[in-house]
Amino acid sequence: MQAFTQLTGITAPLDRANVDTDMIIPKQFLKSIKRSGFGPNLFDELRYLDEGQPDQDSSKRPINPNFVLNLPRYKGAKILLARDNFGCGSSREHAPWALLDFGISCIIAPSFADIFYNNCFKNGVLPITLLNEQIDQLFSDTQAKPGFELTVDLKDGVISGSSAGDIAFSIDSFRRHCLLNGLDDIGLTLEQTSNIQRYEQKRRQQAPWLFAD
Amino acid sequence: MASKTLYDKLWDAHLVKQQDDGSCLIYIDRHLLHEVTSPQAFEGLRIAGRKPWRIDTNLATPDHNVPTTFNERAIGVDGIEDPVSKIQVVTLGDNCDEFGITEFKMQDERQGIVHVVGPEQGATLPGMTVVCGDSHTATHGAMGALAHGIGTSEVEHVLATQCLIQKKSQNMLVRVDGDLGEGITSKDVVLAIIGVIGTAGGTGYAIEFGGKVFEDMTMEGRMTVCNMAIEAGARVGMVAVDQTTIDYVEGRPFSPKGEKWDLAVVAWQDLHSDADAEFDHVVVLDGATIAPQVTWGTSPEMVLPVFANVPNPAKEKDDIKASGITRALEYMGLVADQAITDIHLDRVFIGSCTNSRIEDLRAAAAVVEGHQVAKTLKQALVVPGSGLVKAQAEAEGLHTIFTDAGLEWREPGCSMCLAMNADKLGAGEHCASTSNRNFEGRQGFGGRTHLVSPAMAAAAAIAGHFVDVRTFNL
Ligand code: SF4
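What comes next concerns the included structure. Here the structure is a predicted model, which means the values were calculated and not measured.

1. A closer look at the overall build of chain B
1) Next: Scanning chain B from terminus to terminus reveals 16 helices and 19 strands.
2) Next: What you see for chain B is a C-alpha radius of gyration of 22 Å, in line with the 23 Å of a compact globule of 474 residues.
3) Next: By principal-axis analysis of the C-alpha atoms, chain B measures approximately 55 × 55 × 45 Å.
4) Next: In chain B, which comprises 474 residues, the proportion classed as buried is 64%.
5) Next: Here the analysis covers contacts within chain B between residues at least 6 apart in sequence; of these, 75% occur between residues at least 24 apart.
6) Next: Accessible surface for chain B amounts to roughly 16800 Å². Of this, 52% is attributable to carbon and sulfur atoms.
7) Next: Of the charged side chains in chain B, 38 are positive and 63 negative, and the gap between their average positions amounts to 3 Å.

And the structure:
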């Protein structure tokens, strides 16, 4: 997993609550056997005017000119600003995969759905929860200035760039540690390599039938 | 030493390390894979440049997507008509080849539903931890193993580290005392248990099934019961090891041999809960009171004896329950107080990881022998759980009993259990099914599933509606 330490990028405002995982990545794209390549279909039904099919060349499809990520001023956005209950719906890990593949690795919202929130950390995406007033402030910042950028510093727990000054945020220390060091669960478990090997040695003696010769 | 439950013993034997926050690193002895939940896990390994930790613990077979018709299967992978199914099956093959993982490919006689294949091969053994990216992994708990389903990220985690980060569950004992009546099967027992404790009754628990009924039960029967632990909300179901277990395991291809076998059998003697072990929760049923079960609704807990009538929401005092009954009756196209034996069927499905083993097929064949499937039925499918089950059934002549009676005899796979291949229900159709889930749309959009035992499904196929298998044929 990519470490997440500091990120500076254009911030796009998605002004709707209860954005569900079906909206983030519609079900017809789950048939893919990959974890990557979902970017062109992120928010597919909002982003395009036609119905998307897997294996289609999305660059030739009619785009919805009003959808926030299609507006020139938010081109190349790396941070997504959203409303309550972002990521509700199914447990599909395809949702964070699609965001990441598109280039968004930080989402700022007043609240997130549980499973989506967890899935983000498994994939190097940082979901930040702020108060409604702070979110409102950031929304108006993005309106005020084309190309508005924020800087998110996970180490210090600070978002800077807002006209209202720095905004502090907090993340549970275990998850923060994993993100800062680019440790997914696997990376973390691999820190225990010597413990696992010791266990295997002991186990091989106690239960040799579980091991090939 | 403090006394322990079977679950405690299995857990302690696999604990690599306990972290300060209570999360534990648990070692995995056997990892089973299939085509649906593994592709992204393999891709994850590739992206991170990681290798599987211990190749020989992994065993794969395609099951969910494989077609079950002879013609499609005869051609091999190229014969799979659905392009998406084909890609998943091909990808599993490619991944297993690339990483050197043993796979029983679609045309291998050992291919089948992963939860049938594991025990059949001796790949899941007493005392093991067994995981698979599939919630019905609890099946393997019948061997006295600690077995549960995992998600795609965890599939990758197990491939890369041979471990999982887990929190320990609580202990529940479900004890069924006494003897089962004539014609009552393990499926009826587990459906009756779910009827009592509910689909969330086991949430947060590891369930051990104990008591005389399970001691007397065959291994295949125990697998049927553990398979449905997840339908009672528990990720883990298990049965203590006894002579029945050891006799079943002996001589299977992956089972230990020679000196290792002798050592294993000694160690396995301890795989039971200590006499004075404490459970956090105990449920007791009397085996003699269990009748043949039929689910009438859209959740496995909506289950009743075959001679009962479906519930009437007007008689239910709890408003939430009443509206649940109303909604289920409506989806199922049933009328309040209707007799279960008056439910007419469109299709019958005998198969799935719950009931597609040789004993299940024998039970179904014994019922249909010499009869004809009701003319009102559109289809009656028999789908063996593995190529080896199929071969055994054919050696016993069961397939001709089925086809003579008008049932279709298919190639092994998950088939109509979840309708990911071409075998599915049409909207509004009623199906007597030996599978494990009767959720809305599970067997096809708008389809209506009734869960029953193989013998009950077979009798229903002949009668065209549900009948009490105990009086059928008298
Ligand atoms: S038979 Fe059904 S429940 Fe069992 S593994 Fe296949 S799809 Fe899942």
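2. A closer look at unusual backbone geometry
1) Next: For Phe43 of chain A, which is not glycine, the phi torsion reads 50° and is therefore positive.
2) Next: In this fold, Phe43 of chain A is placed in the loop between α1 (21-24) and α2 (44-47).
3) Next: One non-glycine residue, Gln162 of chain B, adopts positive backbone phi at about 65°.
4) Next: A relative accessible area of 1% means that Gln162 of chain B is categorised as buried.

3. Regarding the site of the ligand
1) Next: Surveying the vicinity of the ligand reveals the residues His64, His115, Asp134, His136, Ser352, Cys353, Cys414, Cys417, Leu418, Asn436 and Arg442 of chain B.
2) Next: Class assignment of the residues belonging to the shell around the ligand gives a composition of 4 nonpolar, 5 polar and 2 charged.

4. Looking at the sheet that holds strand β9 (residues 170-177) of chain B
Residues and elements named next belong to chain B.
1) Next: The strand order across the open sheet built from 4 strands is β11-β10-β9-β12, with neighbouring strands paired in parallel fashion. This sheet does not close on itself; its edge strands, each paired only once, are β11 (236-238) and β12 (281-286). The average undirected angle you get between the axes of adjacent strands in this sheet is 20°.
2) Next: Across 3 bridges, strand β10 (residues 205-210) lies against β11 in parallel orientation.

5. Details of helix α15 (residues 398-405) of chain B
All names here are of chain B.
1) Next: Residues Leu398, Ile401, Phe402 and Ala405 constitute the buried set of α15. For α15, the arc enclosing every buried residue in end-on projection is 95°, short of the 170-degree limit, so these residues lie on one face.
2) Next: At its buried positions, α15 is contacted by α13 (358-368), β16 (379-382), α14 (387-395) and β17 (408-409).
3) Next: Following α15 by one or two positions, Gly406 adopts a phi angle in the positive range, close to 100°.

6. Describing the side chain of Lys390 of chain B
All names here are of chain B.
1) Next: Looking at the element boundaries, Lys390 is found in helix α14.
2) Next: The class for Lys390 is buried, based on a relative accessible area of 14%.
3) Next: Within the local environment of Lys390, its side chain forms a polar contact with the side chain of Glu411, the two groups lying 3.2 Å apart.
4) Next: Filtering out sequence-adjacent residues up to four positions away, Lys390 remains in contact with Pro384, Trp409, Arg410, Glu411 and Pro412.

7. What about the interface of chain A and chain B?
1) Next: Each partner contributes residues to the interface: chain A has 30 residues there, and chain B has 39 residues.
2) Next: Approximately 3000 Å² of surface area, both sides summed, lies buried where chain A meets chain B, with 61% of it carried by carbon and sulfur atoms.
3) Next: At the surface where chain A touches chain B, the tally comes to 1 salt bridge.
4) Next: The closest approach of N and O atoms between Asp29 of chain B and Arg203 of chain A, which form a salt bridge, is 4.0 Å.
5) Next: Counting across the interface, chain A meets chain B through 11 residue pairs in polar contact (both at pLDDT 80 or more).
6) Next: The set of elements that each furnish at least two residues to the side of chain A that touches chain B consists of α3 (94-102), α7 (185-190) and α8 (193-206) of chain A.
7) Next: Looking at the side of chain A that touches chain B, the element that brings in the most residues is α8 of chain A, giving 7 residues.

8. Topic: the side chain of Asn171 of chain B
All names here are of chain B.
1) Next: With respect to the secondary-structure elements, Asn171 resides in strand β9.
2) Next: Given the relative accessible area of 6%, Asn171 is considered buried.
3) Next: In this structure the side chain of Asn171 is engaged in a polar contact, spanning 2.8 Å, whose partner is the side chain of Thr5.
4) Next: Once you skip the residues sitting within four places of it in the chain, Asn171 turns out to touch Thr5, Tyr7, Asp8, Tyr205, Ala206, Phe279, Asp280 and His281.

9. Re the pairing of β10 of chain B
All names here are of chain B.
1) Next: In terms of burial, β10 is largely enclosed, as 6 of its 6 residues are buried.
2) Next: Taking every second residue as pointing to the same face, both faces of β10 are buried, with Tyr205, Ile207 and Phe209 on one and Ala206, Glu208 and Gly210 on the other.
3) Next: Relative to β10, β9 runs parallel, the two sharing 6 bridges. Residue pairing in the sheet places Leu173 in a bridge with Glu208 of β10.
4) Next: Taking the sense of rotation as the criterion, the β-α-β connection linking β9, helix α7 (residues 186-197) and β10 turns out right-handed.

10. Observations concerning the sheet that holds strand β5 (residues 149-153) of chain A
Residue and element names in this part refer to chain A.
1) Next: On the basis of which strands lie adjacent, the open sheet formed by 7 strands has the order β4-β3-β2-β1-β5-β6-β7 and mixed pairing. Strands with a single pairing partner mark the edges of an open sheet, and in this sheet they are β4 (126-129) and β7 (167-168).
2) Next: As judged from the 4 bridges shared by strand β3 (residues 106-109) and β4, these two strands associate in the parallel manner. Counterpart to Cys106 in the pairing with β4 is Leu126.
3) Next: Contacts between helix α5 (residues 132-144) and the sheet are confined to β1 (6-13), β2 (79-81), β3, β5 and β7, with β1 contributing the most and set at about 80° to the helix.

11. Re the pattern of salt bridges
1) Next: With the rule as written, the count across this model stands at 30 salt bridges over all chains.
2) Next: The closest approach of N and O atoms between Lys9 of chain B and Asp270 of chain B, which form a salt bridge, is 3.1 Å. Taken together, the residues Lys9 of chain B in helix α1 (residues 6-14) and Asp270 of chain B in the loop between α11 (258-268) and β12 connect sequence positions 261 residues apart.
3) Next: With a relative accessible area of 11%, Lys9 of chain B lands in the buried category.
4) Next: Taking relative accessible area as the criterion, Asp270 of chain B reaches 42% and is therefore assigned partly exposed.
5) Next: The salt bridge partner of Arg437 of chain B is Glu231 of chain B, with a shortest N-O separation of 2.6 Å. Here Arg437 of chain B, found in the loop between β18 (430-433) and β19 (448-451), pairs with Glu231 of chain B, found in the loop between α9 (219-227) and β11; they are 206 residues apart in sequence, far enough to count as distant.
6) Next: Take Arg437 of chain B: its relative accessible area is 15%, and that puts it in the buried class.
7) Next: Through salt bridges with shared partners, a single ionic network connects Asp15, Arg83 and Asp136 of chain A.

About the criteria used
- Residues numbered from 1 in each chain as written.
- Chains lettered and ligands numbered in written order.
- Predicted model: local features only at pLDDT ≥ 70, side-chain atom pairs only at ≥ 80, totals over all residues.
- Heavy atoms only, no water.
- Helix = DSSP H or I, 4+ residues; strand = E, 2+ residues; numbered from the N terminus.
- Rg over C-alpha atoms; globule rule 2.2 N^0.38 Å.
- Buried < 20%, exposed > 50% of the residue type's maximum accessible area, 1.4 Å probe, protein only.
- Contact = heavy atoms within 4.5 Å.
- Areas by Shrake-Rupley, 256 points an atom, 1.4 Å probe, with all protein chains shown as cover.
- Lys, Arg positive; Asp, Glu negative; His and termini not counted.
- Charge placed at Lys NZ, Arg CZ, Asp CG, Glu CD.
- Near = heavy atom within 4 Å.
- Nonpolar A, V, L, I, M, F, W, Y, C, P; charged D, E, K, R; others polar.
- Pairing = 2+ DSSP bridges.
- Axes fitted to C-alpha atoms, helices over the stretch in contact; angles between N-to-C directions.
- Arc of directions from axis to C-beta.
- Polar contact = N/O pair within 3.5 Å; in protein donor to acceptor, adjacent residues only side chain to side chain.
- Buried area = accessible area lost by both parts, 1.4 Å probe.
- Salt bridge = Lys/Arg side-chain N within 4 Å of Asp/Glu carboxyl O.
- Right-handed = clockwise from strand over helix to strand, strands pointing away.

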